[in-house]
2 protein chains.
Amino acid sequence: MMLSRRNVGFLLGILACGWSGVIHAQSDPLPSWNDGAVKKSITDFVARVTTQGSAEFVPPPERIATFDNDGTLWCEQPFYFQLAFAFDRIKAMAPDHPEWKTKQPFKALLDKDMKALAASGEKGLLDIVAVTHTGMTTDEFAGAVTDWTKTARHPRFKRPYTEMVYQPMLELLAYLRANGFKTFVVSGGGVEFMRPWMEKVYGIPPEQVVGSSGVVKFQTGTDGKPILMKLAKIEFIDDGPGKPVGINRFIGRRPIFAFGNSDGDLQMLQWIAAGNGARFAGLVHHTDADREYAYDRQSRIGKLDKALDEAGSRGWTVVDMKRDWKTVFPAEIK
Amino acid sequence: MMLSRRNVGFLLGILACGWSGVIHAQSDPLPSWNDGAVKKSITDFVARVTTQGSAEFVPPPERIATFDNDGTLWCEQPFYFQLAFAFDRIKAMAPDHPEWKTKQPFKALLDKDMKALAASGEKGLLDIVAVTHTGMTTDEFAGAVTDWTKTARHPRFKRPYTEMVYQPMLELLAYLRANGFKTFVVSGGGVEFMRPWMEKVYGIPPEQVVGSSGVVKFQTGTDGKPILMKLAKIEFIDDGPGKPVGINRFIGRRPIFAFGNSDGDLQMLQWIAAGNGARFAGLVHHTDADREYAYDRQSRIGKLDKALDEAGSRGWTVVDMKRDWKTVFPAEIK
């Protein structure tokens, strides 16, 4: 066809729809996954739902895949990265807040007094989240997140947090998209914290990121232009039973494929598995203390206990990170 | 390239991304729009943002277009169609509710006593919405909506409500998608009322429908399977200042193109117009009492007053339905 303007626009549209996932794909679309039952359970499922005429064929618009983020797409140790962002923000904001030198939990954080910080409990944590996440516009917050991703480094691996993502999962996202799936993040993390970097890192646009949120208010700024102000009030917690609720609210249909890594993902997996037709429910089991971390039933972060039992009894796919992944982190994110 | 399974999946992905909008497009992508300044304002805008190398070029992922629904994509007279659905549901449910014969506002509705119904006021209306929209699962409600769209008819035009959509706007949606735009509905209507039919009628999938919502709860059904139960509690009103908030919550970036028809769309238009770069803000002005309805500043439904003034002072596009549209409704929706 002639390259008219409409066609150019259309071709650009294809690019946005996942062309890059195809032209860069190698003969093995999941090269960082070791061959075995886990990898096969993924490729078999995709073959079943994408084969025209198959009893389990699923039309592309219904190929919805949802992924938890913390511990599923990126690392969540030694503690949630959003908390690292909040702590770094406190340090950055401290010069403008001399009162924090004597006020908890800020004093504890600035003094690196982890015992006092822990003693401030949930209220202390909420205070830290409130001053670092609210009282500014959505645009200002997005800018703060973007700045942080450029400079902050993981304490153990010394690389940017946005390079603490799992290479095998990046391949899985691209593989699903190349097979007509629409990929979503459904995370307990703050949605405004995730959206600024996920398009670049995961290829998942802001409108396909579901997360926890605070109340946002439409106001007129000092320059007369409209702004959206982030208020210090929680609106929605996208975790546990909140995940199927968030999926219903933001996506509006039941996914056929979901991946999580903790008990906070149990209800999401139950919900998608209970639908009619072929379903894929997966869990990442952190078993690799050398290359990443090893934790499950007793962990304070990313506890995997009930969901691990249910995965066993229901035959869900459980990724053993040590056994199933050739590499954990990508060489470098450009 | 060879037609491997991945390529087939990829081609199907293209279909989902708007191929049909291209191969069915005629030489004039907007045949139901009369030539003139309004039509030109649309095609000029699309040309500006899709021309590579142009100073106003917008990459496809950022080509977000949002549309109000009632009065913008489909008719909203003589009253909102969702209310017609609720009234029809009351009649359908009445045999199981003998107590309604003596209980307001149900008695008034069943007796077709519009004066008594009006006297029940906002509380009466909320009672009707509560019994027709809540106390059931999301799947049950979607089924009720789908059934209703098949049988209900508009009182004046005697056609299904899903054929009371505007042919010129269907063409506009397809035209934008063929040019790499992602089209969203952002409506004050209930999101669960809109999603069951919009994919078929507008080509807009459930995950691109933003609307008002009630609280939904994750529960275990009597058969042990998980369900999502609709509770009688309002969660979010996606109208007026709620529209930019809804856009931020569900889409997460600022649209470059928006269309509305009433003062309930004013803040959405202000929000998108205040962004950097090229922006298109449009209003449908209902001026055609013969082919549809004529109403604006004094209307109880779809009041267009402040937004009409602001459109004038800011140079937004105002569609004069009588002047600008060759046809109003499609011949038939297949």
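Just so you know, these numbers come straight off a predicted model, no measurement behind them. (Residues numbered from 1 in each chain as written. Chains lettered and ligands numbered in written order. Predicted model: local features only at pLDDT ≥ 70, side-chain atom pairs only at ≥ 80, totals over all residues.)

Some points on the overall build of chain A
Convention followed: Runs of E in the DSSP output that reach at least two residues are strands. Runs of H or I that reach at least four are helices, and both are numbered from the N terminus. Only C-alpha atoms enter the radius of gyration, while the globule expectation follows 2.2 Å times N to the 0.38, with N the number of residues. As a rule, residues whose C-beta atom has 12 or fewer other C-beta atoms within 10 Å are exposed, those with 20 or more are buried, and those in between are partly exposed; C-beta atoms are placed from the backbone.
Within chain A one finds 13 helices and 8 strands. Its C-alpha radius of gyration of 21 Å places chain A within 12% of the 20 Å reference for a compact globule of 334 residues. In terms of its C-alpha atoms, chain A occupies a principal-axis envelope of roughly 70 × 55 × 35 Å. Looking at the 334 residues of chain A, the share that counts as buried comes to 46%.

Quick notes on the nonpolar core
Inside soluble globular proteins, nonpolar side chains tend to come together where they are buried. Rules: We define the nonpolar core as any set of buried residues of the types Ala, Val, Leu, Ile, Met, Phe, Trp, Tyr and Cys, connected via C-beta atoms lying within 7 Å of each other. Working definition of a contact: two residues with C-beta atoms, positioned from the backbone, lying within 7 Å.
Within the largest apolar cluster, 143 residues are counted, with the highest numbers of intra-cluster contacts made by A:Val185 and B:Val185. Filtering out sequence-adjacent residues up to four positions away, B:Val185 remains in contact with B:Phe67, B:Asn69, B:Met194, B:Met198, B:Ile204, B:Gln208, B:Val209 and B:Val210.

Some thoughts on the domain arrangement of chain A
All names here are of chain A. Condition: Segment limits for the domains were obtained from an automatic or database-derived domain assignment. Three categories are distinguished: nonpolar for Ala, Val, Leu, Ile, Met, Phe, Trp, Tyr, Cys and Pro, charged for Asp, Glu, Lys and Arg, and polar for the others, with Gly belonging to the last.
What the domain assignment lists for chain A is domain 1 (22-78 + 160-324) and domain 2 (81-151). Each of domain 1 and domain 2 has a C-alpha centre, and the two are 27 Å apart. Counting residues at the interface gives 17 residues for domain 1, matched by 15 residues for domain 2. At the level of elements, strand 2 (182-190), helix 9 (191-202), strand 3 (209-220) and strand 4 (226-236) are the ones that each hand at least two residues to the side of domain 1 that touches domain 2. Of all the elements, strand 4 adds the most residues to the side of domain 1 that touches domain 2, at 6 residues. Looking at the side of domain 1 that touches domain 2 residue by residue, the classes come out as 11 nonpolar, 4 polar and 2 charged.

Concerning helix 3 (residues 81-93) of chain A
It helps to recall that an α-helix has 3.6 residues per turn; residues three or four apart then point in one direction. To keep things clear, this is the line we draw: The span you would expect from a helix comes to 1.5 Å times its residue count less one.
Taking 1.5 Å per residue as the helical rise, helix 3 of chain A with its 13 residues ought to reach 18 Å, and the 18 Å between its terminal C-alpha atoms agrees with that figure. Contact partners of the buried residues in helix 3 of chain A: helix 6 (121-133), helix 7 (138-151), strand 2 and helix 9 of chain A.

Focus on unusual backbone geometry
Note the cis peptide between A:Gln77 and A:Pro78, where omega equals 0°. Residue position: A:Pro78 is located in the loop between strand 1 (64-67) and helix 3. In this structure, the amide linkage connecting A:Gln104 to the following residue, A:Pro105, adopts the cis form with an omega of 5°. With respect to the secondary-structure elements, A:Pro105 resides in the loop between helix 3 and helix 4 (106-110). The residue A:Lys158 is not glycine, and still its phi comes out positive at about 55°. According to the C-beta neighbour criterion, A:Lys158 is exposed, with 7 such atoms within 10 Å. For B:Lys112, which is not glycine, the phi dihedral falls at a positive 55°. Within the element layout of this structure, B:Lys112 appears in the loop between helix 4 (106-110) and helix 5 (114-119). On the basis of neighbour count, B:Lys112 is assigned to the exposed category, with 10 C-beta atoms found within 10 Å.

Here we look at the packing of helix 3 (residues 81-93) of chain B against helix 6 (residues 121-133) of chain B
All names here are of chain B. The cut-off we apply is this: Angles shown run from 0 to 180 degrees and are taken between the N-to-C directions of axes, each axis being a line fitted to C-alpha atoms and, for helices, limited to the stretch in contact. Put simply, angles under 35 degrees are roughly parallel, angles over 145 are roughly antiparallel, angles from 65 to 115 are roughly perpendicular, and the rest are oblique. Less than a right angle of anticlockwise turn of the near helix away from the far helix marks a crossing as left-handed, whereas a clockwise turn marks it as right-handed.
Look at helix 3 against helix 6: their axes get within 9 Å of each other, and the N-to-C directions meet at 70°. Classified by the angle between their axes, helix 3 and helix 6 sit roughly perpendicular to one another. Two packed elements cross with a definite hand, and for helix 3 against helix 6 that hand is left-handed. Along the contact surface, helix 3 presents Ala86, Arg89 and Ile90, while helix 6 presents Ile128, Val129 and Thr132. Grouping the amino acids of the contact of helix 3 with helix 6 by side-chain chemistry returns 4 nonpolar, 1 polar and 1 charged.

Notes on the environment of A:Gly282
Residue and element names in this part refer to chain A. Along the chain, the position of Gly282 falls in strand 6 (residues 280-287). A sequence separation of 232 residues divides Gly282 from Thr50, and the C-alpha atoms of the two residues are 19 Å apart. Discounting residues that sit within four places of it in the chain, Gly282 has contacts with Phe259, Trp316, Thr317 and Val319.

Thoughts on the pairing of strand 3 of chain A
Residues and elements named next belong to chain A. Applicable threshold: Strand pairing is assigned whenever DSSP detects at least two bridges linking the two strands.
Inspection of the sheet shows strand 2 paired to strand 3 by 3 bridges, in the parallel sense. Directly across from Val186, in strand 3, lies its bridge partner Val210. In the sheet, strand 3 pairs with strand 4 via 7 bridges, with the strands oriented antiparallel. Residue pairing across strands places Gly214 opposite Ile234, the latter belonging to strand 4. Between strand 3 and strand 4, which pair antiparallel in sequence order, lie 5 residues; one of them, Gly224, sits at a positive phi of approximately 85°.

A look at the pairing of strand 6 of chain A
Here is the key point about a regular strand: its side chains alternate between the two faces of the sheet. Residue and element names in this part refer to chain A. Quick reminder of the rule: Handedness is read with the strands pointing away from the viewer; a crossover is right-handed when the path from the first strand over the helix to the second is clockwise.
Across the 8 residues that make up strand 6, a large majority, 7, are buried. Strand direction decides the pairing type here: strand 5 (residues 257-260) and strand 6, joined by 4 bridges, are parallel. Bridge pairing in strand 6 links Phe259 to Gly282. In this fold, strand 5 hands off to helix 11 (residues 266-273), which returns the chain to strand 6; that crossover is right-handed.

What about helix 3 of chain B?
Stated precisely, the cut-off is as follows: Note that the arc is defined by the directions from the helix axis to the C-beta atoms.
The set of residues buried in helix 3 of chain B consists of B:Phe81, B:Gln82, B:Phe85, B:Ala86 and B:Arg89. What you see down the axis of helix 3 of chain B is that its buried residues fit within an arc of 150°, all on one side.

Observations regarding the packing of helix 11 (residues 266-273) of chain B against helix 12 (residues 306-314) of chain B
Residue and element names in this part refer to chain B. Running from N to C, helix 11 and helix 12 point in directions that differ by 25°, and their axes come no closer than 10 Å. Considering their axes alone, helix 11 and helix 12 lie roughly parallel with respect to each other. Here Leu266, Leu269 and Ala273 of helix 11 lie close against helix 12, whose contacting residues are Lys306, Ala307, Glu310 and Arg314. Taken together, the residues that form the contact of helix 11 with helix 12 break down as 4 nonpolar, no polar and 3 charged.

Points about the confidence of the model for chain A
Fine structural detail should not be taken from predicted coordinates in areas where pLDDT scores are low. Residues and elements named next belong to chain A. Worth spelling out the cut-off: Scored from 0 to 100, pLDDT records how confident the predictor is in each individual residue.
Across chain A, the average pLDDT comes to 92, with 91% of residues at 70 or higher. Confidence over residues 1-25 falls short of pLDDT 50; this stretch has 45 contacts with residues more than four positions distant or in other chains. The complex model carries a pTM of 0.90, and its ipTM stands at 0.89.

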